[in-house]
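An overview of the molecular structure
Spelled out, the chains give:
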Amino acid sequence: MPELPEVEVTRRGVAPHLTGQRVSAVIMRRAGLRWPFPADLPALLQDHTIVATGRRGKYLLLHFQHGTLLIHLGMSGHLSILPATTPAGKHDHIDIIVGENALRMTDPRRFGAVLWHAVTDGDLDHHVLLKNLGVEPLEDQFDAELLFRQTRQRSAAVKQVLLAGDIVVGVGNIYASESLFKAKINPKTPAKRISLARYRLLVEAIRETLAAAIQQGGSTLKDFVGVDGQSGYFQQHYFVYDRAGEDCRLCGHTVRKIVQGQRSSFYCPHCQK
Ligand SMILES: [Zn+2]
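Before going into details, it helps to say that this report is about the structure given with it. Residues take numbers from 1 onward in each chain, read along the sequence in its written order. At least 70 in pLDDT is required for a residue's local features to be given in this predicted model, at least 80 for side-chain atom pairs to be given and counted, and no such filter applies to totals for whole chains, interfaces and linings, which use all residues. The side-chain quantities take in all heavy atoms of the structure and omit both hydrogens and water.

Six octahedral donors around a metal ideally make angles of 90 or 180 degrees; four tetrahedral donors ideally make 109.5 degrees. Coordination partners: N, O, S within 2.8 Å of the metal, 3.2 Å for Na, K and Ca; water not considered, so apparent gaps in a site are possible. Summarising the metal site, the zinc ion is bound by the protein donors Cys248 (SG), Cys251 (SG), Cys268 (SG) and Cys271 (SG), whose distances to it range over 2.2 to 2.4 Å. Every geometry call rests on angle ranges, with four donors termed tetrahedral when all angles are between 85 and 135 degrees, four termed square planar and six termed octahedral when opposite donors are over 155 degrees apart and all others are between 65 and 115, and everything else termed irregular. For the zinc ion, the 4 donor atoms are set out with angles of 100 to 114° between them, so the coordination reads as tetrahedral. In terms of primary sequence, the donors binding the zinc ion are separated according to C-x2-C-x16-C-x2-C. Highlighted residues: Cys251 in the loop between helix 6 (196-216) and strand 9 (256-260) and Cys268 in the segment after strand 10 (263-267), separated in sequence by 17 residues. The buried label applies to any residue whose accessible area, calculated with a 1.4 Å probe on protein chains only, is under 20% of its type's maximum; exposed applies above 50%, and partly exposed to all values in between. The exposure class assigned to Cys268 is buried, which follows from its relative accessible area of 0%. Secondary structure elements are defined from DSSP: runs of H or I of at least 4 residues count as helices, runs of E of at least 2 residues count as strands, and each element is numbered from the N terminus.

What follows is the structure, given as structure tokens:
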């Protein structure tokens, strides 16, 4: 599943091809994915200019003067920039034509989404899908004080609090496991028991882990394809993720796997207390 780093890598990849470009046409090859596409999308976007790109959590945003297009890649979606004449495959569901190129959305499992938020609908931050999202992990509002303050009443395990997304958004399963390892925090620790000092380490670890993944162009997700159309299989050197039964890279003890909230967690019981 594309996580925050993949969405950010995608945004950075497509932005130079889209920013300042006028949409000449929108081709929809089906009525929708997870939800219906806006039926009037071609008329909404045609002859309008993409003024900027953005991202909120895992939503990629294309900003126009009169509104914002929200794109979610779902479980298996990806975007590519191609010559507009490139024949569409079975899973290519929507093309936004800008100049000679198309921004093409491909999504075999069809859990993705394309939604429109008009300026007249109000503040984008109040959109039903965005309003409950926590702060962005790579922005300044995300700090140890925030994490500490907002977890004083949270008995849930710290790993699950990170994944919940209501305090900080976009720290998915891989990145939560890796960050907790770097901060030497056991994923089962109740969030409210963790000190401010340890949250400082965790915030640093989360920022480093996400930044490294973005730098490398995403994580090891076989469905992600980069904007150049090449297979985006970015192998990362994980400390604990998906390494159950193997030796901890720091201490040599065996990495353990547990299930928390139906998600696998990987950790070293020796390094993480
Ligand atoms: Zn260890």
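In this section: the pairing of strand 9. Remark: a regular strand shows side chains that alternate across the two faces of the sheet. Here, strands pair whenever DSSP counts at least two bridges between them. Note: strand 9 against strand 10, 5 bridges, orientation antiparallel. Paired with Arg256 across the strands is Tyr267, a residue of strand 10. Between strand 9 and strand 10, which pair antiparallel in sequence order, lie 2 residues; one of them, Gly261, sits at a positive phi of approximately 55°.

Definition of nonpolar core: a set of buried residues of the types Ala, Val, Leu, Ile, Met, Phe, Trp, Tyr and Cys, connected through side-chain atoms within 4.5 Å. By size, the foremost hydrophobic cluster in this structure holds 35 residues, and its most contacted members are Phe142, Val158, Tyr199 and Leu202. Within the residue set of this core, elements represented by two or more residues are helix 3 (144-149), helix 4 (158-164), helix 5 (173-182) and helix 6. Of all the elements, helix 6 adds the most residues to this core, at 7 residues. Setting aside anything within four residues of it in sequence, one finds Phe142 in contact with Val135, Glu136, Pro137, Leu147, Val168, Val203, Ile206 and Arg207. Residues count as neighbours in contact if any of their non-hydrogen atoms are within 4.5 Å of one another.

Here Leu33 is to be found in the loop between strand 1 (23-28) and helix 2 (41-45). Leu33 sits 75 residues away from Pro108 along the chain, and the two C-alpha atoms are 9.9 Å apart.

Attention now moves to the packing of aromatic side chains. The relative placement of two aromatic rings is captured by the distance of their centres and the angle of their planes. Classification of ring pairs rests on two measures: the distance between centres of Phe, Tyr or Trp rings, Trp counted by its six-membered ring, which must be within 6.5 Å, and the angle between planes, read as stacked under 30 degrees, edge-to-face over 60 and tilted in between. Under the definition given, this model contains 4 aromatic pairs. Ring centres of Phe181 and Phe239 lie 5.1 Å apart, and the angle between their planes is 20°; on these two criteria the pair is classed as stacked. Of this pair, Phe181 sits in helix 5 while Phe239 is found in the loop between helix 6 and strand 9, placing the two residues 58 residues apart along the sequence. With relative accessibility at 2%, the residue Phe181 sits in the buried group.

With 21 residues, helix 6 should reach 30 Å at 1.5 Å per residue; the first-to-last C-alpha distance of 30 Å fits that figure. Here helix 6 has its buried residues at Tyr199, Leu202, Val203, Ala205, Ile206, Thr209, Leu210, Ala213 and Ile214. Angular distribution of buried residues about the axis of helix 6 spans 165°; they occupy a single face of the element. Buried residues in helix 6 make contact with helix 1 (4-18), helix 3, helix 4 and helix 5. Positive backbone phi, approximately 90°, marks Gly217, located one or two places after helix 6. How far a helix is expected to stretch is found by multiplying one less than its residue total by 1.5 Å. An arc is given here, and it is the one of the directions from the helix axis to the C-beta atoms.

This part is about the sheet that holds strand 2 (residues 50-56). Strand pairing in a sheet relies on backbone hydrogen bonds. The paired strands run either parallel or antiparallel. Judged by pairing direction, the sheet is antiparallel, and its 4 strands sit side by side in the order 2-3-4-8 without closing on themselves. Two strands bound the open sheet, and with one partner strand each, they are strand 2 and strand 8 (113-118). Ignoring which end each strand starts from, the neighbouring axes of this sheet average 20° apart. Bridge count between strand 3 (residues 59-64) and strand 4 (residues 67-72): 6 bridges; the pairing is antiparallel. By the bridge assignment for strand 4, Leu62 is matched with Leu69. Here an angle of 0 to 180 degrees is reported between the N-to-C directions of two axes, which are lines fitted to C-alpha atoms, with helices fitted over the stretch in contact.

Here we come to the sheet that holds strand 1. Spatially, the 4 strands line up as an open sheet ordered 1-6-7-5, and their pairing is antiparallel. Edge positions in the sheet fall to strand 1 and strand 5 (78-83), since each has one partner strand and no second. When strand polarity is set aside, the average angle formed by the axes of neighbouring strands in this sheet is 20°. Here strand 6 (residues 92-98) pairs with strand 7 (residues 101-106) via 6 bridges, running antiparallel. The partner of Asp95 across the bridge, within strand 7, is Arg104. Sheet strands touched by helix 1: strand 5, strand 6 and strand 7. Its angle to strand 5, the strand with the most contacts, is close to 30°.

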